[in-house]
Amino acid sequence: MAASLTDSPQTQSKSREKMNGRSVLFCNNFKNKVMGIQLRFQLLVAAITLVVVIITTLSMSRGITGAPKLVEKKLPKSSLSGCNFYSGKWVFDNQSCPLYNGTNCSFMDDGMACQKYGRKNLDYLYWKWQPNDCDLPRFNATAMLEKLRNKRVVYVGDSLNRNQWVSIVCILESEIPKHLKFVHYNGSLVTFKAIEYNATIDFYWAPLLVESNCDDPSYHRVVERIVRVNSIEKHARIWKDADVLVFNSYLWWRLNLKVLWGSFESANAKYEYLGMLRTYELGLQTWADWLDTHVNRTKTRVFFVSLSPTHNRAEDWGKANGQNCYNETAPISNVKYWGSESDREMMKLVEVAIQKLNKRSGFKVELLNITQLSEYRKEGHSSIYRKHWDPLTKEQLANPTSYADCIHWCLPGVPDIWNSFLYAYLLYL
């Protein structure tokens, strides 16, 4: 009750004491609440600070500085070592494919630049190979560059091996600043250099692996092709010191090659025809013998890429005679499909040469068996969507099938998968 003006001094004094008591109690309660809020706030700040410290410590322990880096997910070796990479199917995937933008690749080859030369149907960009037994690790360019730090990779073979070389260069160079990469041309040898990693990825033109009169990288369209099946040193000295060797050789043997015994300069040289299979077998034997004698087994890993199929005969997949890969827009769905231009006997000779080498001396060559999975991709070739170094005639322009390239592949495209197998072997197996 409030004190009135008519109350006695004693009454007024007691009233003031009651009011003062209430005020003190109120102030004490208010202070306690404020202190409680401050305490909770301080605890919250301390908790946030602790979380930040933990995250920072973990980041530093993982070597993360500046912007966060993608960490390569390391698959267990057992999940890939027992997997048959080459048995599976093509799956349309426009989320994770392609691995790079072909129109932005600084070192794209005009024979493979299908988008640049007018290809409108781009579905070929989005097919991913899915093995039946496992998932292929996605190609991580930074991880591959780190694996190849201070190393030299050499692709040796014909224009299809060059196709694969351009593929890996485009994959890797997309992650490298412009001033830290270059390509150098020196006759049969083309070199890509990733400066920061001191990594070198070469292509060396040797379409028959052994010496021949087709060894000039620019002028090899000779009428009569001659091969020295027992001579490889001319080429091999170039790639002797490589850390990774990737070979291929098939299409150039599909002719009636003349075998030369002796040197091209010798007046006493002898020539003979031995047939395609026997000639190929002798060339592979020379290649295998050279590997056995000269390659450092503790340093160098060796791969051989099986034949890359052509699609020159549309009757193979049920189309009219005289047609080919021109105007094809989808893969072949028949899992048993095998093109008539793919020679199983020649493939067997490669397998036998590799097996003999391993049995004889324990030398291991990994066979990248890309043939069957590439057989399905009739729509993946360069076709007419490439640079034509010779002017096209009116007759050719009227019939695009006549000049469609059904041998080489558009990039991005099928050879990217071949390199994904190489990536899996080098990083996981």
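All residue numbers refer to position in the chain's written sequence, counted from 1. Where local features are concerned, this predicted model is filtered to residues with pLDDT of at least 70; where side-chain atom pairs are given and counted, the filter is 80 or more; whole-chain, interface and lining totals use all residues. Think of the side-chain values as coming from all heavy atoms in the structure, minus any hydrogens and water.

Quick question: what am I supposed to make of the packing of aromatic side chains here?
When we look at a pair of aromatic rings, we describe it by the centre distance and by the angle of the planes. Only Phe, Tyr and Trp rings are paired, with Trp represented by its six-membered ring, and only when their centres lie within 6.5 Å; those with planes under 30 degrees apart are stacked, over 60 edge-to-face, the remainder tilted. Evaluated as defined, the whole model comprises 19 aromatic pairs. For the pair Tyr86 and Phe421, a centre-to-centre distance of 5.0 Å together with 80° between the ring planes defines the contact as edge-to-face. Linking Tyr86 in the loop between α2 (77–81) and β1 (88–92) with Phe421 in helix α10 (residues 414–428), this pair joins segments that are 335 residues apart in sequence. Exposure categories follow from relative accessible area, calculated using a 1.4 Å probe and restricted to protein chains: below 20% of the type maximum is buried, above 50% is exposed, and the middle band is partly exposed. By relative accessible area, which is 15% here, Tyr86 ends up buried. Each member of the aromatic cluster is reached from another via a ring pair, and the members are Phe85, Tyr86, Phe303, Phe421 and Tyr425. For the cation-ring pair, Arg344 lies above Trp338, with the distance from its terminal atom to the ring centre recorded as 3.8 Å. Charge over a ring is defined by NZ of Lys or CZ of Arg lying within 6 Å of the ring centre and within 35 degrees of the ring normal. We note Arg377 situated over the ring of Trp90; from NZ or CZ to the ring centre the distance is 4.5 Å. Secondary structure elements are taken from DSSP: a helix is a run of H or I of four residues or more, a strand is a run of E of two residues or more, and numbering for both begins at the N terminus.

Would you mind showing me how to read the packing of helix α6 (residues 276–294) against helix α7 (residues 344–361) here?
How two helices pack is summed up by the angle between their axes together with the distance between the axes. An axis is simply a line fitted to the C-alpha atoms; with a helix, the fit covers only the stretch in contact. Between two such axes, the angle follows the N-to-C directions and lies from 0 to 180 degrees. Where α6 contacts α7, the axes come no closer than 10 Å and their chain directions differ by 30°. On the basis of the axis angle, α6 is roughly parallel to α7. Like other packed secondary-structure pairs, α6 and α7 cross with a definite hand, here right-handed. Judged by residue contacts, Met276, Leu277, Tyr280, Glu281, Leu284, Trp287, Ala288, Asp289, Leu291 and Asp292 of α6 engage Glu345, Met346, Leu349, Val350, Ala353, Ile354, Leu357, Arg360 and Ser361 from α7. Under the scheme applied, nonpolar residues are Ala, Val, Leu, Ile, Met, Phe, Trp, Tyr, Cys and Pro; charged residues are Asp, Glu, Lys and Arg; polar residues are all the others, including Gly. Split into classes, the residues belonging to the contact of α6 with α7 amount to 13 nonpolar, one polar and five charged. Each angle is binned into one of four classes, with values under 35 degrees roughly parallel, values over 145 roughly antiparallel, values of 65 to 115 roughly perpendicular, and all other values oblique. By convention, the crossing between two helices is left-handed when the near helix turns anticlockwise from the far helix through less than a right angle, and right-handed when the turn is clockwise. Note on definitions: a residue-residue contact is assigned when non-hydrogen atoms from the two residues lie within 4.5 Å.

Just checking my understanding: could you explain the nonpolar core for this structure?
In summary, soluble globular proteins display a tendency toward joint burial of nonpolar side chains. The definition of a nonpolar core used throughout is a set of buried Ala, Val, Leu, Ile, Met, Phe, Trp, Tyr and Cys residues joined through side-chain atoms within 4.5 Å. In this structure, Trp287 and Phe304 are the most contacted members of the largest nonpolar core, which totals 109 residues. When near neighbours in sequence (up to four residues on either side) are disregarded, Trp287 contacts Leu209, Ile232, Phe247, Phe304, Ile354 and Val365. If you look at the next biggest cluster of nonpolar residues, it comprises 10 residues, including Tyr124, Leu125, Tyr385 and Ala404.

Looking at this model, I keep getting lost on the environment of Thr191. Mind explaining?
Following the sequence through the fold, Thr191 ends up in strand β5 (residues 189–194). The class of Thr191 is buried, set by a relative accessible area of 14%. Separated by 11 residues in sequence, Thr191 and Asp202 place their C-alpha atoms 4.4 Å apart. Here Thr191 is in contact with Trp165, Phe182, Val183, His184, Thr200, Ile201 and Asp202, once residues within four sequence places are set aside. For the purposes of these results, a polar contact is taken to be a pair of N or O atoms within 3.5 Å, where, inside protein, one atom must be able to donate a hydrogen and its partner to accept one; residues adjacent in sequence count only when each atom of the pair is a side-chain atom. Here the side chain of Thr191 touches Asp202 through a polar contact of 2.8 Å, side chain to side chain.

Looking at this model, I keep getting lost on the sheet that holds strand β11 (residues 270–272). Mind explaining?
Strand pairing in a sheet relies on backbone hydrogen bonds. The paired strands run either parallel or antiparallel. With mixed pairing, four strands are arranged side by side in an open sheet as β7-β8-β10-β11. Lying at the two open borders of the sheet, with one neighbouring strand each, are β7 (211–212) and β11. Pairing of β7 with strand β8 (residues 226–228), which is carried by two bridges, proceeds in the antiparallel orientation. Residue pairing in the sheet places Ser212 in a bridge with Val227 of β8. Between any two strands, at least two bridges found by DSSP are needed for them to pair.

Whenever I open this one, the sheet that holds strand β13 (residues 365–368) confuses me. Can you help?
Spatial strand order, β4-β5-β6-β3-β9-β12-β13: seven strands in an open sheet with mixed pairing. Every interior strand has two partners, whereas the edge strands, β4 (181–186) and β13, have only one. Neighbouring strand axes in the sheet, compared pairwise and without regard to direction, differ in orientation by 15° on average. Against the sheet, helix α4 (residues 159–173) contacts β3 (152–157), β4, β5, β6 (199–205), β9 (244–247) and β12 (301–305), and its axis sits at roughly 160° relative to β6.

Can you help me understand the state of the cysteines in this one?
Put plainly, a disulfide is one covalent bond tying together the sulfur atoms of two cysteines. Note on disulfides: each one is a pair of cysteine sulfur atoms within 2.5 Å. Counting across every chain of the model gives four disulfides. Across the disulfide from Cys114 sits Cys410; the S-S distance is 2.0 Å. Because the sign of the S-S torsion sets the handedness, a value of about -95° for the bond joining Cys114 and Cys410 places this disulfide among the left-handed ones. Taken together, the residues Cys114 in the loop between β1 and β2 (127–131) and Cys410 in the loop between β15 (405–409) and α10 connect sequence positions 296 residues apart. The pair formed by Cys114 and Cys410 is uniform in burial state, with each residue classed as buried. Here Cys325 engages in a disulfide with Cys406; their sulfurs sit 2.1 Å apart. The sign of the -85° torsion about the S-S bond sets the Cys325-Cys406 disulfide as left-handed.

What's the story with α10 in this structure? I'm lost.
For the α-helix, the turn length of 3.6 residues means that residues three or four positions removed from each other point alike. In a regular helix each residue adds 1.5 Å, so 15 residues correspond to 21 Å; α10 covers 21 Å between its end C-alpha atoms and thus fits that length. For α10, a buried count of 15 out of 15 residues is recorded, marking the element as mostly surrounded by other parts of the structure. A helix is expected to span 1.5 Å for every residue after the first.

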